[in-house]
Amino acid sequence: MSRRAPSLQRRLLAWVLGLVVAVWIATAVLTWFDARHELDELLDAHLAQAAALLVVQQAGDLDDDDRNGVDAPSLHRHASKIAFQVFHEGRLVRRSAQAPTTPMVGEGERLRSGFRDVRIDGTEWRVFATHGAERDIQVYVGEQLRSRASILWAVLRGSLQPLALALPLLALAVWWSV
């Protein structure tokens, strides 16, 4: 007894739906990579700008010993996810309330200007380190990597949810047209 081959309609429908799903998945993956890259660029720029402002401020405040060692207040509900430190001649002179008292360079590392991912007390941070013109001022500005991931997922949810809802409608339209 011979078995009948699937109809042309069924084969065409399978191929077209398969291609639509493959293109949708490829688009979603590319969107994720592009969104992550752009988000990292934007947030890294914010860290670098904050560090530059702290360097300039600290250079102007060197004679003001009344405020040394005072923690900056937390002014926003997400403030616990961002931290900064300012060291003058190796001594901590300014920091955010959630920043550690040791330099945010990671265990066993030295000051190196630029960006790096470090683990501090079990938490992953993206840290930007820089120094003043005289090199007697070191500034660290960091953001929890967990915070970046939650921002990325929020962006992706907003862009991919409509596409995920459209996929079954597109499949239905393809089925109907074939």
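A brief structural summary. A quick note: this is a predicted structure, and the numbers were derived from the prediction, not measured. (Residues numbered from 1 in each chain as written. Predicted model: local features only at pLDDT ≥ 70, side-chain atom pairs only at ≥ 80, totals over all residues. Heavy atoms only, no water.)

It is worth spelling out the overall build of the protein chain at this point. Each helix and strand in the protein chain was counted, giving two helices and six strands. Buried positions account for 31% of the 178 residues belonging to the protein chain. About 12000 Å² of surface is accessible on the protein chain, with carbon and sulfur atoms providing 61% of the total. (Helix = DSSP H or I, 4+ residues; strand = E, 2+ residues; numbered from the N terminus. Buried < 20%, exposed > 50% of the residue type's maximum accessible area, 1.4 Å probe, protein only. Areas by Shrake-Rupley, 256 points an atom, 1.4 Å probe, with all protein chains shown as cover.)

All right, on to the pairing of strand S3 (residues 91-96) then. The pairing of strand S2 (residues 82-88) with S3 spans four bridges and is antiparallel. Each bridged residue has a counterpart across the sheet, and for His-88 the counterpart in S3 is Arg-91. (Pairing = 2+ DSSP bridges.)

A word on the environment of Thr-130. Here Thr-130 lies in strand S5 (residues 123-131). Residue Thr-130 is classed as buried on the basis of its relative accessible area of 16%. Spatially, the C-alpha atom of Thr-130 lies 8.2 Å from that of Val-55, the residues being 75 residues apart in sequence.

A cluster of nonpolar side chains, namely Val-21, Ile-25, Val-29 and Phe-33, defines an oily patch on the protein surface of about 320 Å² accessible area. Among the structural elements, Val-29 can be located in helix H1 (residues 8-60). (Patch = residues over 30% accessible without salt bridge, like charges linked within 9 Å, V, L, I, M, F, W, Y side chains within 5 Å. Salt bridge = Lys/Arg side-chain N within 4 Å of Asp/Glu carboxyl O.)

Residues spaced three or four apart along an α-helix face the same direction, because each turn holds 3.6 residues. Under the 1.5 Å per step criterion, the end-to-end length of helix H2 (residues 145-177) is 46 Å for 33 residues, consistent within 8% with the ideal 48 Å. Helix geometry: H2 is bent most strongly at Leu-160, by close to 35°, with proline Pro-162 lying one to four residues after it. (Expected span 1.5 Å × (residues − 1). Bend = angle between axes of the 7 residues up to and from the residue.)

With respect to the helices and strands, Arg-126 occurs in strand S5. With a relative accessible area of 18%, Arg-126 lands in the buried category. Separated by 3.2 Å, the side chains of Arg-126 and Asp-117 make a polar contact. The residues contacting Arg-126, other than those within four sequence positions of it, are Asp-44, Leu-47, Phe-115, Arg-116, Asp-117, Val-141, Gly-142, Glu-143, Leu-145 and Arg-148. (Polar contact = N/O pair within 3.5 Å; in protein donor to acceptor, adjacent residues only side chain to side chain. Contact = heavy atoms within 4.5 Å.)

What follows deals with the environment of Leu-167. With respect to the helices and strands, the residue Leu-167 is situated in helix H2. Counting along the chain gives 143 residues from Leu-167 to Trp-24, while the straight-line C-alpha distance between them is 8.0 Å.

Here the focus is the pattern of salt bridges. Overall, the coordinates contain six salt bridges when judged by the stated rule. Residues Arg-126 and Asp-117 are paired through a salt bridge, measuring 3.2 Å at the closest nitrogen-oxygen approach. Using a relative accessible area of 45% as the deciding quantity, one classes Asp-117 as partly exposed. The network of salt bridges with shared partners includes Asp-40, Asp-44, Asp-117, Arg-126, Glu-143 and Arg-148.

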